[in-house]
Amino acid sequence: MTDAGSGDIDTVISADPATAGGPDGGETQSGKTKSRFWARLRKNKVALAGAIYLVFVVAVAILAPYLTSHDETFATRFQDILFSPGEAGYVLGTDHVGRDILTRLFFGSRYALMAGAEAVAVALIIGIPLGLTIGYFRGWVDRIVMRFVETVVAVPAVVMAMAIIAALGTGLTNAMLAIGLVYSMIITRLTRAEVFAAREELYVDGARAAGAPSIRVMWRHILPNVAPPLIVQTTLLFAQAVLAEAALSFLGIGATSSQASWGRMLRDAELSIDRTIWPAIPPGIAVFLTVVAFNIFGDGLRDAFSREARGGRVGVGDVVKTESGPDTAPRQADSLISVRDLSVNFPIPGSDEDVNVVQGVNFDIAKGEVLALVGESGSGKSITALSLMGLVPDPGIASSSSISLDGRELVGMEFDELRTIRGKDIGIIFQEPSAALNPAYTVGRQVAEPLRVHLGMSKSEARQRVIELLGEVGIPDPEKRIDAFPHQFSGGMAQRVMIAMALSCEPKLLIADEPTTALDVTVQGQMLDLLGELAAERDVSVMLITHDLGVVADLADRVAVMYAGEIVEQGTLAEVFAEPQHPYTEGLITAIPRNESRFGELPTIPGVVPPPWDWPNHCHFAERCEYATDACLHGPIELMPSASSLTRCVRAGELDLAGVRDRAEEGS
Ligand code: ADP
Ligand code: MG
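Now for a look at the structure at hand. (Residues numbered from 1 in each chain as written. Chains lettered and ligands numbered in written order. Predicted model: local features only at pLDDT ≥ 70, side-chain atom pairs only at ≥ 80, totals over all residues. Heavy atoms only, no water.)

**Comments concerning the overall build of the protein**
Move 1: For the protein, the helix and strand inventory stands at 23 helices and 14 strands.
Move 2: Evaluated residue by residue, the protein yields a buried proportion of 52% over its 668 residues.
Move 3: Excluding contacts between residues fewer than 6 apart, the proportion of contacts in the protein whose partners are at least 24 apart in sequence is 71%.
Move 4: Carbon together with sulfur atoms contributes 58% to the accessible area of the protein, which is approximately 29,600 Å² in total. (Helix = DSSP H or I, 4+ residues; strand = E, 2+ residues; numbered from the N terminus. Buried < 20%, exposed > 50% of the residue type's maximum accessible area, 1.4 Å probe, protein only. Contact = heavy atoms within 4.5 Å. Areas by Shrake-Rupley, 256 points an atom, 1.4 Å probe, with all protein chains shown as cover.)

Right, dumping it as structure tokens:
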């Protein structure tokens, strides 16, 4: 028992802290995510059984004095020595000095839980602040502390604890204090690793840039994100502490003979082992079950927290339902997707408030139509696209009154149902194909993945289909190329693979987020032609995201111009290009590089998109707009019909803005 026990402790201690929860364990604190966490935990029957057993142990520990008729709990009665179970009314028999084993077993749960709690409390009280501090400040403090931590952690916990007990003196409290000290090193290491991951993230940088003091950044921003792996690790350490208590008490340096600890009961049983093994069995089983229960419950917590279970690396924040405003346009009859009142919030680093990163976005895409979403980097285009799939990164929260896809409402849809739509009804192509393809697998295998998951194809069916698909997206020699690895493809060819993958399940909507930005100019054109053909041939609707209005000219049917979280102009391609109604659109048009006249400076809009927390309450573009007047600085501006498009500009109609045609004339 003891040997096996300390072996287990070793494994846990030498295990990489990252495996005990991992940096991916972070969650938002939103209620939605929490309820999903509980739903996942409830579905895990094994973890649930562990939890129920633990509740039972706690109940026994609390009620121990009332559960037994032997009020003389620990009294020694020499006439009753070593009774077998059932004999003379002793359900589990008696031990070598005549004590009722059942009674001692009940009281033993108190010692087990108290000992575990003490060790874990010590570990957390020391480990968390220490881990946060060295993880946050790094440098020489970190190097010195970590050297020490690694040394302690390298030695088995029970052995280390024995050394500490030698200094502190024996007894249950000291033993668990010693175990707690050893475990605090594990907590320190885990917290530090999590802090390293968390402090790289945007919100921490933001909080520091916003001047939040270090202590505040640590407790308010980092700790909530490192909490899930810590909770998991704490549960697992609790199991190890119960085992360590048993081991140390068995060795006689933990509980004393008058304390009915399970480990002590095992030690006492050993004294009479040559006459009967009965007294060893109940405490042995109790320790075993309790340790297993804590472990499976901890594993269940880890699975429930893990992002893997939520369907991918990007955090899933599904879309929160809001009421539609009084003048929300109804869904257009022919639209495939129709989005209403879509907003996305991110918490402002270093404060309690949120910022709107996307505000009140409405649009429709008809079947087979190509909508171009254009705007500079930082306008909120990618976030808009991701919210359609329920993929807003943590800790963002998307809300909308309605997102309907082919008649199905996505807002409020169950997570599992949404997952079937993602990748099947909606395909997505990202900017950087090499980043989206896994270098370790052949492209054939990666394109086949959605076919097998969503369409349930067999291996050979999927392979056949992948060859067809690769051919359709213009990859020469697909029978051979299917077995090549991503690094054997050029950027353009890799992007074609991405397109094949996005198209594999015949999506109704294809989202292409800057699909050509990473490619050469010549390849860009081919890629756009391909997208255009696919849209026309297969009748898929396309949402083409780009920062370059020039890219959309041949392809788009309609254009939505986005600036600082809002759609500022929306209309058909012809309308928007010929007669832009918003100064920002004019700016984007003038920024299109002109092949015919390559002289002079590229006319661009001065400045960049400000960060979301600097967006004013009035027109977001006013500060960069050459036409801005006083009227632009008062209150939010609505999207209003102007000429034949919709425009968010108070001066729409009175300005004479330059469209593509004007530029052509001026250039000639
Ligand atoms: P675009 O695709 O138009 O370049 P994005 O949709 O990526 O813009 O980003 C819009 C805004 O959302 C950015 O200004 C950025 O500040 C904010 N943002 C994007 N991702 C995150 C994130 N993970 N955390 C916090 N803010 C984010
Ligand atoms: Mg983007």
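**Some remarks on the side chain of Glu-369**
Move 1: Along the chain, Glu-369 falls in the loop between β3 (354-366) and β4 (370-374).
Move 2: With a relative accessible area of 13%, Glu-369 lands in the buried category.
Move 3: Polar side-chain contacts of Glu-369 include one of 3.0 Å to the side chain of Arg-558. (Polar contact = N/O pair within 3.5 Å; in protein donor to acceptor, adjacent residues only side chain to side chain.)

**With respect to helix α12 (residues 381-388)**
Move 1: Judged by how many residues are buried, α12 sits mostly within the fold: seven of eight residues are covered.
Move 2: Lys-381, Ile-383, Thr-384, Ala-385, Leu-386, Ser-387 and Leu-388 are the residues of α12 that are buried.
Move 3: Once α12 ends, the next one or two residues include Gly-390, with phi positive near 70°.

**Here's the deal with the environment of Met-146**
Move 1: Position of Met-146 among the secondary structure elements: in helix α5 (residues 139-154).
Move 2: Sequence separation between Met-146 and Ile-134 is twelve residues; the distance between their C-alpha atoms is 8.6 Å.
Move 3: Once residues within four sequence positions are removed from consideration, Met-146 is found in contact with Ile-134, Arg-189 and Arg-192.

**A closer look at the packing of helix α3 (residues 45-63) against helix α11 (residues 281-305)**
Move 1: Closest axis-to-axis distance for the α3/α11 pair is 8 Å, and the angle between their directions is 130°. Here α11 runs oblique to α3, going by the angle between their axes. Our pair here, α3 against α11, has a crossing hand that is left-handed. Facing Val-46, Ala-47, Gly-50, Ala-51, Tyr-53, Leu-54 and Val-57 of α3, the residues of α11 in contact are Ala-286, Leu-289, Thr-290, Ala-293, Phe-294, Ile-296, Phe-297 and Gly-300. (Axes fitted to C-alpha atoms, helices over the stretch in contact; angles between N-to-C directions. Parallel < 35°, antiparallel > 145°, perpendicular 65-115°, else oblique. Left-handed = near helix turned anticlockwise from the far one by under 90°.)

**Quick look at the sheet that holds strand β11 (residues 558-563)**
Move 1: Within the open sheet, the eight strands sit side by side as β8-β9-β10-β4-β11-β12-β14-β13. Their pairing is mixed. Single-partner strands in this sheet number two, and they are β8 (426-429) and β13 (640-642). Direction aside, neighbouring strands of the sheet carry axes that sit 20° apart on average.
Move 2: Direction of pairing for β13 relative to strand β14 (residues 645-647): antiparallel, over a ladder of three bridges. When the sheet's bridge partners are listed, Met-640 is paired in β14 with Thr-647.
Move 3: In the packing of α12 onto the sheet, the strands contacted are β4, β8, β9 (509-513), β10 (541-546) and β11, and the crossing angle to β10 comes to about 150°.
Move 4: Running at roughly 105° to β11, helix α22 (residues 583-590) makes contact with β4, β11 and β12 (566-572) of the sheet. (Pairing = 2+ DSSP bridges.)

**A word on the packing of aromatic side chains**
Move 1: In this structure the tally under the stated criterion is five aromatic pairs.
Move 2: Taken together, a centroid distance of 4.5 Å and an interplanar angle of 20° make the contact between Phe-238 and Phe-294 stacked. Note that Phe-238 is positioned in helix α9 (residues 214-250) and Phe-294 in helix α11, a separation of 56 residues in sequence.
Move 3: Taking the relative accessible area as the measure of exposure, Phe-238 reaches 15% and is therefore buried.
Move 4: When its relative accessible area of 9% is taken as the criterion, Phe-294 is described as buried.
Move 5: Each ring, one from Tyr-584 and one from Phe-621, has its centre 5.1 Å from the other, and the planes form 65°; the classification is edge-to-face. Here the residue Tyr-584 occupies a position in helix α22, and Phe-621 occupies one in the loop between α22 and β13, the gap between them amounting to 37 residues. For the pair Tyr-584 and Phe-621, one class covers both residues: buried.
Move 6: Members of the aromatic cluster, each reached through a chain of ring pairs, are Tyr-563, Tyr-584 and Phe-621. (Phe/Tyr/Trp six-rings, centres within 6.5 Å; stacked < 30°, edge-to-face > 60°.)

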